[in-house]
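The residues making up each chain are set out below.
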There are 2 protein chains.
Amino acid sequence: MEQVEARIRSSIDCEENLLTDICRHVIGAGGKRIRPGVALLSNKAVGGKNGDDIINMAASFELIHSATLIHDDINDLGEIRRGREAAYKKYGVQKALIAGDFLFVRSFRLGGTWDSRVVQMVADAATAIAESEIVQSSHEFDPSVSQEVCEKIIEGKTAKIIEAAAMVGSYLGKGSDDQVQKLAAYGLNLGMAFQIVDDILDIDGNVSQLGKSKGVDFIDGKPTLPLMFAIEDPQFGGKLAKMFVKREKTKQEVEEALRLVQKTEAVNRSYKIAEDYKSKALQNLEGIPDSVFKESLSQLAEMVVSRRK
Amino acid sequence: MEQVEARIRSSIDCEENLLTDICRHVIGAGGKRIRPGVALLSNKAVGGKNGDDIINMAASFELIHSATLIHDDINDLGEIRRGREAAYKKYGVQKALIAGDFLFVRSFRLGGTWDSRVVQMVADAATAIAESEIVQSSHEFDPSVSQEVCEKIIEGKTAKIIEAAAMVGSYLGKGSDDQVQKLAAYGLNLGMAFQIVDDILDIDGNVSQLGKSKGVDFIDGKPTLPLMFAIEDPQFGGKLAKMFVKREKTKQEVEEALRLVQKTEAVNRSYKIAEDYKSKALQNLEGIPDSVFKESLSQLAEMVVSRRK
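Residues numbered from 1 in each chain as written. Chains lettered and ligands numbered in written order. Predicted model: local features only at pLDDT ≥ 70, side-chain atom pairs only at ≥ 80, totals over all residues. Heavy atoms only, no water.

How should I be thinking about helix α8 (residues 147-172) of chain A in this particular structure?
Helical geometry note: an α-helix holds 3.6 residues per turn, so side chains three or four residues apart project in the same direction. Residue and element names in this part refer to chain A. Along its 26 residues, α8 runs 35 Å from first to last C-alpha, staying within 8% of the 38 Å computed at 1.5 Å per residue. Roughly 45° is the biggest bend found in α8, and it falls at E155. Most of α8 sits inside the fold, with 19 of its 26 residues counted as buried. Trailing α8 by a residue or two, K174 shows a phi angle of about 60°, which is positive. (Helix = DSSP H or I, 4+ residues; strand = E, 2+ residues; numbered from the N terminus. Expected span 1.5 Å × (residues − 1). Bend = angle between axes of the 7 residues up to and from the residue. Buried < 20%, exposed > 50% of the residue type's maximum accessible area, 1.4 Å probe, protein only.)

Printed below as a string of structure tokens:
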């Protein structure tokens, strides 16, 4: 991971210091590095050797992720990211938009050594992000989004790129087809569990621990699993739905809504689904030979769902 | 070019129709296709054979370009693009931003078959776009930008990617190092001439012919060569500078400013510089063997500077 961090840092150097500063502001703030972590561990788990290609690959996943964070915050008006002021707030929308594009380009540059199968895996996962953002935005302020659509959004937004990280990592590590497939499935299930818990924490989490604002999905009218479950509640759902669809919400309304959600079974139901995905992820690891790397993948899955307020 | 158009069209297909629609809105509106045109002609001029790689490459350049147009319009609030309503105005900022990202990703996907040298050429040119946008935005509403900085901005914004198109096209066509270098220099000079004339037309052009709004650079306080030359004018420059730095300008003020610019030597001086770049571009073609393709490259250079209102 140290090599990956160094590669990420060197990838954002360029002639315009401001561009590098914006990227450092976002990337240097930390973050969980799940995507590069999964790529590296999947690589090692199938016996991959240290090499420039896997370091580039892992760094590239984090650059794509950071690009989408910067652009997401512009679109969602998210104010805090990784414990820091969102890039567009600090540097302006214009420069943040450019910085996101720059990160896409730099991620692509790192891909110079990959074969076409790898490029397609990564590009298809990145396409899924864009597609699911479109689906999500077309369901904004819609209080009747089905569980299926919510999960579809999560899959495209988060799980597909983690699937790609596991798939590409193990592929570059010369894993067998079966191993690549298993680790890909692990990544997909891990990603689902991770995003569901993330959406729970937006309701339930501790702001200082989250490193980002809270209640954002509710404010932005974004359909997430816990919010949709809460709106299904016989007692509080009707009131929550009415609040959810409002384009402008006061701070009091948001706080009240989050309190109401807590009175429903929404958080528990969502955790249960996240636990199911975690279990599937662990099952997917079963065919992989035992190693400290496999153990770490397994711990990662546990960790992802054990994040609570 | 027909094959390139077909490749562009198939590259923007995806599961979300809206995403494809937004891209079609921008790409289907036409445009001059200078980047893919230069890539193809440079390829053929050195004896390149028809092949999937050059078609992919040419399509990829147009996708990158279209992505930057969509994002530029968000940043500059440009209202008309290629004769149509700007994407962000028609579909909203959020969806347009995502569509731009999607085009970057799809451009990258087409790159799956390139070798790492090609990827680096393209990525470095795309980096130059982001860098120069940052330089440009840091000089917004600054009436004292030097000719050198203006040209630096143009180089990064437009010329570098046309240079890359020529370079990559001839490289994939198995041109000699000398030919690749000459065509690259042709592309750079062509790009400079092209952008200078584009900036002149923003002052001087015919809106229906331009396919975009007029006076936009002045309104946005963007330092272009003709605007900076006009501000240097001993008689009208002072007044123009005062108008240029205003963040809010009325329609009348913009019209008056464009009339004042016409009374200066700015447009002629700028055309002269564009002509100089065109001449350099033509000189760069001298070492290339005669062919209809070389002839077309030469005509392209003439056409680029002969665009007038």
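Anyway, onward from the coordinates.
Would you take a moment to explain the interface of chain A and chain B for this structure?
Interfaces are often described in size by the accessible area the parts lose on coming together. Facing the 40 residues of chain A at the interface are 40 residues of chain B. At the junction of chain A with chain B, the criterion picks out 2 salt bridges. Ionic pairing is found between R109 of chain B and D124 of chain A, a salt bridge with its closest N-O pair at 2.6 Å. Where the side of chain A that touches chain B is concerned, the elements lending two or more residues are α2 (17-27), α4 (52-76), α6 (93-110) and α7 (116-138) of chain A. Looking at which element gives the most residues to the side of chain A that touches chain B, the answer is α7 of chain A, with 14 residues. Classifying every residue of the side of chain A that touches chain B gives 19 nonpolar, 9 polar and 12 charged. (Contact = heavy atoms within 4.5 Å. Salt bridge = Lys/Arg side-chain N within 4 Å of Asp/Glu carboxyl O. Nonpolar A, V, L, I, M, F, W, Y, C, P; charged D, E, K, R; others polar.)

Sorry, what's going on with the packing of aromatic side chains here?
Centre distance and the angle of the planes are the two values used to describe a pair of aromatic rings. Inspection of the entire model under this criterion finds 3 aromatic pairs over all chains. Relative to F244 of chain A, the ring of F218 of chain A has its centre 6.0 Å away and its plane inclined at 55°; by these criteria the two rings are tilted. Within this pair, whereas F218 of chain A is found in helix α11 (residues 216-220), its partner F244 of chain A is found in helix α13 (residues 237-244), the two being separated by 26 residues in sequence. For the pair F218 of chain A and F244 of chain A, one class covers both residues: buried. The ring of F218 of chain A is capped by K249 of chain A, whose NZ or CZ atom sits 4.9 Å from the centre of that ring. Here R269 of chain B stacks its cationic end above the ring of F229 of chain B, 3.7 Å away from the centre of that ring. (Phe/Tyr/Trp six-rings, centres within 6.5 Å; stacked < 30°, edge-to-face > 60°. Lys NZ or Arg CZ within 6 Å of the ring centre and 35° of its normal.)

How should I be thinking about the packing of helix α9 (residues 177-204) of chain A against helix α16 (residues 292-306) of chain A in this particular structure?
To characterise two packed helices, one gives the angle between the axes of the helices and the distance between these axes. All names here are of chain A. Running from N to C, α9 and α16 point in directions that differ by 20°, and their axes come no closer than 8 Å. In terms of axis orientation, α9 runs roughly parallel to α16. In this structure, the crossing between α9 and α16 has a hand that is left-handed. Here α9 contributes L183, Y186, L190, A193, F194 and V197 to the contact with α16, which in turn contributes L297, L300, A301, V304 and V305. (Axes fitted to C-alpha atoms, helices over the stretch in contact; angles between N-to-C directions. Parallel < 35°, antiparallel > 145°, perpendicular 65-115°, else oblique. Left-handed = near helix turned anticlockwise from the far one by under 90°.)

Quick question: what am I supposed to make of the relation of the copies chain A and chain B here?
The relation between the two copies of this chain is a rotation about an axis and a shift parallel to it. Note on the identical chains: chain A maps onto chain B by a rotation of 180° and an axial translation of 0.0 Å, with an RMSD of 0.0 Å. Look at the turn and shift together and you get a two-fold axis relating the two. If distances are taken from each C-alpha of chain A to the rotation axis, the shortest is found for F108 of chain A, at 3.3 Å. In this assembly, 100% of the residues forming the interface of chain A have copies in chain B that are likewise at the interface, indicating an isologous arrangement. (Least-squares fit on C-alpha atoms with pLDDT ≥ 70 in both.)

Treat this as a map of the structure, not an account of what it does.
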